[in-house]
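Observations on chain architecture
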Amino acid sequence: MAFGSKRANTLKLALHEVSLALPTEPAITAIVGESGSGKTTMTRLMLGLQAPTQGSVLYDGQDLSQLDRSAFARYRREVQAVFQDPYSVYNPFYKVDRSLLLPLQRFGLTKTRDEAYARIHQCLEAVGLRPGDTLGRYPHQLSGGQRQRIMIARALSLRPRVIVADEPVSMVDASLRATILESLYRLKTEQQVSLLYVTHDLTTAYQIADRIVVMFNGEIVEEGEPERVIHAPRHAYTRSLVSAVPPPDPTIDWGLDVEELPA
Ligand SMILES: Nc1ncnc2c1ncn2[C@@H]1O[C@H](COP(=O)(O)OP(=O)(O)OP(=O)(O)O)[C@@H](O)[C@H]1O
Ligand SMILES: [Mg+2]
């Protein structure tokens, strides 16, 4: 994936030849890498927000650019995004209810308002929010963590197969980070939703992912099971990431059945 132009001498190859396939069964894939390594570019390609300058993005074996109307609509519903800054996606003049209702209406997933609200209640609860505390409010009346979880509930309400979350917790404080990651983790186990989790943070990747993909300089330099990647990193960049991980914070209760990182 290149940006800029050769003629103006601004050509930037943000993503070299990469090949990444998501498993068909529910799983969490973490993409880890430093700033500028191409993580967001990768997610934008997968979300169809950007067309690759070379190569292709396939969904269910079909090239995104070749999907017909109905297949594209299905892809749009089944692959949902959760972004870093939960504030930027809300319109401050409307109650959050609207952000939750509109997608359901757009995709025609619920027929009546009651049905839509029932679905919204379910999804808010699935991410650990009490509907009574969240609905009827304006975005600024909610905490950052609540806003982020509403975004996850919104994505979930469309019954997606995949949620692509680009740095979903980097703007919230450490205690909320754990809660939000736990909500995302539970989507896999309880709702059979796959997650592409993009982060700088190897520790959280290790804690929730089934597979870690390490990016460096627009390339995938390593991928594998978290245990293997952490304990026996093959690439020099991964080794430097592992050695930079701070020791685990025992005050954070992840509520997840996972081991701590080795010291
Ligand atoms: N629209 C664009 N035009 C020009 N260059 C771009 C554009 N988008 C990204 N880039 C460049 O592509 C490279 C990869 O960027 P990308 O946003 O994918 O990195 P990232 O891994 O998501 O980084 P971060 O962790 O900071 O979010 C960077 O060098 C960036 O400057
Ligand atoms: Mg990014």
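The coordinates are above.
Residues numbered from 1 in each chain as written. Chains lettered and ligands numbered in written order. Predicted model: local features only at pLDDT ≥ 70, side-chain atom pairs only at ≥ 80, totals over all residues. Heavy atoms only, no water.

1. A few points about the overall build of the chain
Per the secondary structure count, the chain includes 10 helices and 10 strands. In terms of overall dimensions, the chain has a C-alpha envelope of 55 × 50 × 35 Å along the principal axes. Sequence-distant contacts in the chain: of pairs separated by 6 or more residues, those separated by 24 or more amount to 67%. Surface accessibility of the chain: about 13700 Å² in total, with carbon and sulfur atoms responsible for 49%. Here the chain contributes 29 positively and 30 negatively charged side chains, and the mean placements of these two sets differ by 9 Å. (Helix = DSSP H or I, 4+ residues; strand = E, 2+ residues; numbered from the N terminus. Contact = heavy atoms within 4.5 Å. Areas by Shrake-Rupley, 256 points an atom, 1.4 Å probe, with all protein chains shown as cover. Lys, Arg positive; Asp, Glu negative; His and termini not counted. Charge placed at Lys NZ, Arg CZ, Asp CG, Glu CD.)

2. A closer look at the side chain of Ser194
Examined against the element boundaries, Ser194 turns out to sit in strand E8 (residues 194-199). Overall, the relative accessible area of 8% leaves Ser194 in the buried class. Polar side-chain contacts of Ser194 include one of 3.1 Å to the backbone nitrogen of Ala27. In contact with Ser194, other than residues within four places in its own chain, are Pro23, Glu25, Pro26, Ala27, Arg161, Val162 and Ile163. (Buried < 20%, exposed > 50% of the residue type's maximum accessible area, 1.4 Å probe, protein only. Polar contact = N/O pair within 3.5 Å; in protein donor to acceptor, adjacent residues only side chain to side chain.)

3. Observations regarding the site of ligand 1
As a structural note, the neighbourhood of ligand 1 is formed by 13 residues, with Ser35, Gly36, Lys39, Thr40 and Thr41 the closest of them. Within the contact set of ligand 1, an oxygen atom lies 2.7 Å away from a backbone nitrogen or oxygen of Gly36. His200 is positioned such that a nitrogen or oxygen atom in its side chain is 3.1 Å from an oxygen atom of ligand 1. Contact with the protein chains removes 61% of the 640 Å² of surface that ligand 1 exposes when unbound. By residue number, the principal contributor to the shell around ligand 1 is helix H1 (residues 39-46), which donates 3 residues. A class-by-class count of the residues in the shell around ligand 1 yields 2 nonpolar, 7 polar and 4 charged. (Near = heavy atom within 4 Å. Nonpolar A, V, L, I, M, F, W, Y, C, P; charged D, E, K, R; others polar.)

4. Section: the pairing of strand E7 (residues 162-166)
Counting buried positions along E7 yields 5 of 5 residues, so the element is predominantly enclosed. Of the two faces of E7, the one carrying Val162, Val164 and Asp166 and the one carrying Ile163 and Ala165 are both buried. As judged from the 4 bridges shared by strand E6 (residues 79-82) and E7, these two strands associate in the parallel manner. By the bridge assignment, Gln80 is partnered in E7 with Ile163. With helix H7 (residues 174-191) bridging E7 and the parallel E8, this β-α-β connection has right-handed handedness. (Pairing = 2+ DSSP bridges. Right-handed = clockwise from strand over helix to strand, strands pointing away.)

5. Some points on the pattern of salt bridges
Pairs can form between side chains of opposite charge whenever their charged atoms are close. Under the defined criterion, the tally for this structure stands at 10 salt bridges. Asp60 is the salt-bridge partner of Arg74, the closest N and O atoms lying 3.1 Å from each other. Residue Arg74 is found in helix H2 (residues 69-78), and its partner Asp60 is found in the loop between strand E4 (58-59) and strand E5 (62-63); the two are separated by 14 residues along the sequence. Residue class for Arg74 comes out partly exposed when judged on its relative accessible area of 36%. Arg130 is the partner of Asp133 in a salt bridge, and the nearest nitrogen-oxygen pair spans 2.9 Å. (Salt bridge = Lys/Arg side-chain N within 4 Å of Asp/Glu carboxyl O.)

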